[in-house]
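Below, each chain spelled out in residue letters.
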Amino acid sequence: MVCAKKELREKIERLKKEKRVVILAHYYTNAEVQEVADFVGDSLALSQKAASVDADIILFAGVRFMAETAKVLSPEKRVLLPVVEAGCSLADSCDAERLRLMREANPDHIVVSYVNTSVEVKALTDICCTSSNALDIVRALPEGQKILFVPDRNLGSYINKCTGRNMKLWDGACLVHERFSAEKIASLKAQHPKAVVLVHPECRPEVVAMADYAGSTAGILAYCDRPEVEEVIVVTESGILHEMTTRHPGKKFYLVEPDEGTDKCISCYDMKLITLENILTTLEEERPEITIQEDVRQAAEGSIRRMLEMSK
Ligand code: 13P
Ligand code: SF4
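A brief report on the enclosed structure follows. (Residues numbered from 1 in each chain as written. Chains lettered and ligands numbered in written order. Predicted model: local features only at pLDDT ≥ 70, side-chain atom pairs only at ≥ 80, totals over all residues. Heavy atoms only, no water.)

**Concerning the pairing of strand β7 (residues 146–150)**
Using the following cut-off: Accessible area is worked out with a 1.4 Å probe on protein chains only. A residue is then buried under 20% of its type maximum, exposed over 50%, and partly exposed in between. Starting at the N terminus, helices and strands are each numbered in turn, a helix being any DSSP run of H or I of at least four residues and a strand any DSSP run of E of at least two. Each pair of strands is called paired provided DSSP finds at least two bridges between the two strands. We call a crossover right-handed when, viewed with the strands running away from us, the connection from the first strand over the helix to the second turns clockwise.
Of all 5 residues that make up β7, 4 are buried, and the element is covered over most of its length. Pairing of strand β5 (residues 109–114) with β7 involves 5 bridges; the strand directions are parallel. Paired with His109 across the strands is Lys146, a residue of β7. With 2 bridges joining them, β7 and strand β8 (residues 168–169) adopt parallel strand pairing. Looking at the pairing, Phe149 lines up with Leu169 of β8. Taken together, β7, helix α9 (residues 153–163) and β8 constitute a β-α-β crossover, and its handedness is right-handed.

Here it is, written out as structure tokens:
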């Protein structure tokens, strides 16, 4: 088994070089996937990398909206996603046709979209944001500007709370982050009183309210880098543990169990669909490939570029 994995990794490395492929992976993917990636990051860093990377092919180890964002920013490159069905419940909660109707009904609002959206939704968006830059982007918009925020009601209400804005919120959510309960976190905190609580803002407001820090996966990791932090209650998807324990083998990290079911931690099914096996097949066959209609791509590009400009 160990040998088979080693062989897989070697074949992947060989094909990467031969075909000038760069593998971009999100922190929520399986540990062995993160280990073969050329770059691992949060949504913002991955889109910045996709825009600048020197390669003929980008293989995206993540979910569909991330691979689409890479293709929008690098149309001249081929973008491969090992599992076409790797979606995102949050992106699925906003349908482009409904957004078009909502825009028509609210012509005085601008649309700010979380990057976890389909390319068709981005094409109807004025400016994108990620959890790394959402507060800065909304704060940079003129006071009094009416905003429709899609699709995450939890991130949206966190932004409203921090900025004092009153954005109209789309009623979407991440089914993974909605599984974290305040009760489970309180019970962990009682067991580990010295631990800091680090929360992704896709969680419910009562969970975010318990945070010592709320932010993106990269922000959470940066908080763990602080020398005074020794114990952490991790309130986001379990895949992040790989980077946390690699950086800090001596620190203690506690994952939250879900209320329902027998799972020991909370994981994103779609992120875990990416494996070494399907990465190798994708490199060999050079498919599945992301394709986007050019008019949709161009319409989506403006909203992402505006975000990247503001995040420099
Ligand atoms: P980050 O941008 O924080 O990495 O989040 C992406 C995501 O899908 C969180 O569920
Ligand atoms: Fe989408 Fe949630 Fe998975 Fe992130 S954790 S990719 S928001 S379903």
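The rest of the description comes next.
**Observations concerning the side chain of Ser303**
To keep things clear, this is the line we draw: Polar contact criterion, stated in full: a pair of N or O atoms within 3.5 Å, where within protein one must be able to donate a hydrogen and the other to accept it, and residues adjacent in sequence count only if both atoms are side-chain atoms. Note on definitions: a residue-residue contact is assigned when non-hydrogen atoms from the two residues lie within 4.5 Å.
By the secondary structure assignment, Ser303 is in helix α15 (residues 294–310). Side-chain polar atoms of Ser303 contact the backbone oxygen of Lys122, separated by 3.3 Å. Setting aside anything within four residues of it in sequence, one finds Ser303 in contact with Lys122, Thr125, Asp126, Ile127 and Cys128.

**Here we look at the packing of helix α4 (residues 64–73) against α15**
To keep it simple, the criterion reads: To get an axis, fit a line to the C-alpha atoms, keeping to the stretch in contact for a helix; angles then go from 0 to 180 degrees between the N-to-C directions. If an angle is under 35 degrees, it is roughly parallel; if it is over 145, roughly antiparallel; if it lies from 65 to 115, roughly perpendicular; otherwise it is oblique. The classification used treats Ala, Val, Leu, Ile, Met, Phe, Trp, Tyr, Cys and Pro as nonpolar, Asp, Glu, Lys and Arg as charged, and all other residues, Gly among them, as polar.
Here α4 crosses α15 at 95 degrees, and the two axes come no closer than 9 Å. The angle between α4 and α15 places the two elements in the roughly perpendicular class. Along the contact surface, α4 presents Thr69, Lys71, Val72 and Leu73, while α15 presents Arg297, Ala300, Glu301, Ile304, Arg305 and Leu308. Here the residues of the contact of α4 with α15 are counted per class, giving 5 nonpolar, 1 polar and 4 charged.

None of the figures reported here should be taken as evidence of function without further support.
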